[in-house]
Amino acid sequence: PAAPLASFKKVGSEIEIHGQKFPEGSFFIFEGYSTGQQVFADDAQSFRPERWLPEAIDSRKGTPQAVIDHAFFRDPFSQGARKCPGSRVASNEAQVMLAQLLLDWKISVPGVDSHNEVPYKLMGAMAPILPTMEFVPRS
């Protein structure tokens, strides 16, 4: 999925998982965000676009880190015969809009130095609690 979604399940009878008993009516949340936190790259939290150069991709082949190069991780539109038919249009529109936004505005987040400082909450999907952003027109 394009976002880390969670599924919720209410159990109809008492169950036991790894020796821990859960009564009937217990709710469970199965979310994909935590499982996606496995590190498949050195220093994964750093901005290093050279990771995607052909030489870097070739050097990952045959290693556990090669999973980040799989086609299903490239975009949120799936792959193959069932790929979203509007994916090219959507990707191009997003790129053009973002480029124009960055050309026209200087964007800053006063008091926040890193994305790691932005808190998140789980509401069916991981949702950032966005800080106040400042948009100043470029002259």
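Residues numbered from 1 in each chain as written. Predicted model: local features only at pLDDT ≥ 70, side-chain atom pairs only at ≥ 80, totals over all residues. Heavy atoms only, no water.

1. Regarding the overall build of the protein chain
Reasoning step 1: Helix and strand counts for the protein chain come out as 2 helices and 8 strands.
Reasoning step 2: Sequence-ordered secondary structure for the protein chain, helices as α and strands as β, is β-β-β-β-α-α-β-β-β-β.
Reasoning step 3: Here the protein chain holds 139 residues, and 10% of them are scored as buried.
Reasoning step 4: Of all intrachain contacts in the protein chain linking residues separated by at least 6 positions in sequence, the fraction that spans at least 24 positions is 39%.
Reasoning step 5: Summed over all atoms, the accessible surface of the protein chain reaches about 11300 Å², with 59% contributed by carbon and sulfur. (Helix = DSSP H or I, 4+ residues; strand = E, 2+ residues; numbered from the N terminus. Buried < 20%, exposed > 50% of the residue type's maximum accessible area, 1.4 Å probe, protein only. Contact = heavy atoms within 4.5 Å. Areas by Shrake-Rupley, 256 points an atom, 1.4 Å probe, with all protein chains shown as cover.)

2. Here we look at the packing of aromatic side chains
Reasoning step 1: This structure, assessed with the given rule, holds 2 aromatic pairs.
Reasoning step 2: Ring geometry for W105 versus F135: centroids 6.2 Å apart, planes at 80 degrees, classification edge-to-face. Of this pair, W105 sits in strand β5 (residues 105-108) while F135 is found in strand β8 (residues 134-137), placing the two residues 30 residues apart along the sequence. (Phe/Tyr/Trp six-rings, centres within 6.5 Å; stacked < 30°, edge-to-face > 60°.)

3. Brief notes about the environment of P137
Reasoning step 1: Among the structural elements, P137 can be located in strand β8.
Reasoning step 2: Accessibility expressed as a relative area gives 55% for P137, which makes it exposed.
Reasoning step 3: A sequence separation of 34 residues divides P137 from L103, and the C-alpha atoms of the two residues are 9.3 Å apart.
Reasoning step 4: Beyond its immediate sequence surroundings of up to four residues, P137 is in contact with D104 and W105.

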